[in-house]
Amino acid sequence: MNSVTFITVLDSAELKKSLYAIFSQFGPILDIVALKTLKMRGQAFVVFSDIASATNALRSMQGFPFYDKPMVSIVMS
């Protein structure tokens, strides 16, 4: 089963590269989806290959300052 960690309060052209660099330490990443619509701009989904990796990332990165803003993470499966 794949698991997705939802990230909000982000803004950067290098968003995907930065997220991969940060989140790859927690486990295999299948995809990173950065949204660009007006309502969802600055938000991203990091898709891990397993729930344990996503849960570990959630616990470790909650509130982590990223581009001077705290990350908000939600695990979705």
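On a predicted model such as this, the values are computed, not experimentally measured, just so you know.

(A) Main features of the nonpolar core. Leu 19, Phe 23 and Phe 48 are the most contacted members of the largest nonpolar core, which totals 15 residues. Breaking this core down by element, the ones donating at least two residues are α1 (15-23), β2 (29-34), β3 (44-48) and α2 (51-61). For this core, the leading source of residues is α1, giving four residues.

(B) Main features of the side chain of Ser 53. By the element assignment, Ser 53 lies in helix α2. The class of Ser 53 is buried, set by a relative accessible area of 7%. A distance of 3.1 Å separates a polar atom in the side chain of Ser 53 from the backbone oxygen of Phe 26. Discounting residues that sit within four places of it in the chain, Ser 53 has contacts with Phe 26, Gly 27, Pro 28 and Phe 48.

(C) A look at α1. Buried residues of α1: Leu 15, Ser 18, Leu 19, Ile 22 and Phe 23, and no others. Down the axis of α1, the buried side of the element spans an arc of 115 degrees, and every buried residue falls inside it. With respect to the buried face of α1, the exposed residues turned more than 90 degrees away are Lys 17 and Ala 21.

(D) Structural view of the environment of Ala 57. Counting through the fold element by element, Ala 57 comes out in helix α2. Since its relative accessible area comes to 0%, Ala 57 is described here as buried. Through-space distance from the C-alpha of Ala 57 to that of Val 46 is 9.8 Å; in sequence the pair is 11 residues apart. Leave out the neighbours within four places in its chain, and Ala 57 touches Phe 23, Phe 26, Phe 48 and Gln 62.

Conventions adopted
Each chain carries its own residue numbering, running from 1 in the written order of its sequence. Note on the predicted model: pLDDT of at least 70 is required for a residue's local features to be given, and 80 or more for side-chain atom pairs to be given and counted; whole-chain, interface and lining totals, by contrast, use all residues. Side-chain measures were taken over the full set of non-hydrogen atoms in the model, leaving aside hydrogen atoms and water. Among buried residues, the Ala, Val, Leu, Ile, Met, Phe, Trp, Tyr and Cys ones that are joined through side-chain atoms within 4.5 Å form a nonpolar core. Buried means the residue's accessible area, taken with a 1.4 Å probe over protein chains only, is under 20% of the maximum for its type, while exposed means over 50%, and partly exposed covers the values in between. Numbering goes from the N terminus for both helices and strands, where a helix is a DSSP run of H or I of at least four residues and a strand is a run of E of at least two. Between N or O atoms, a polar contact is any pair within 3.5 Å; within protein, one atom must be a potential hydrogen donor and the other a potential acceptor, and residues adjacent in sequence are included only when both atoms are from side chains. Residues are treated as being in contact if the distance between any of their heavy atoms lies within 4.5 Å. Working definition: the arc comes from the directions between the helix axis and the C-beta atoms, pointing outward to the latter.

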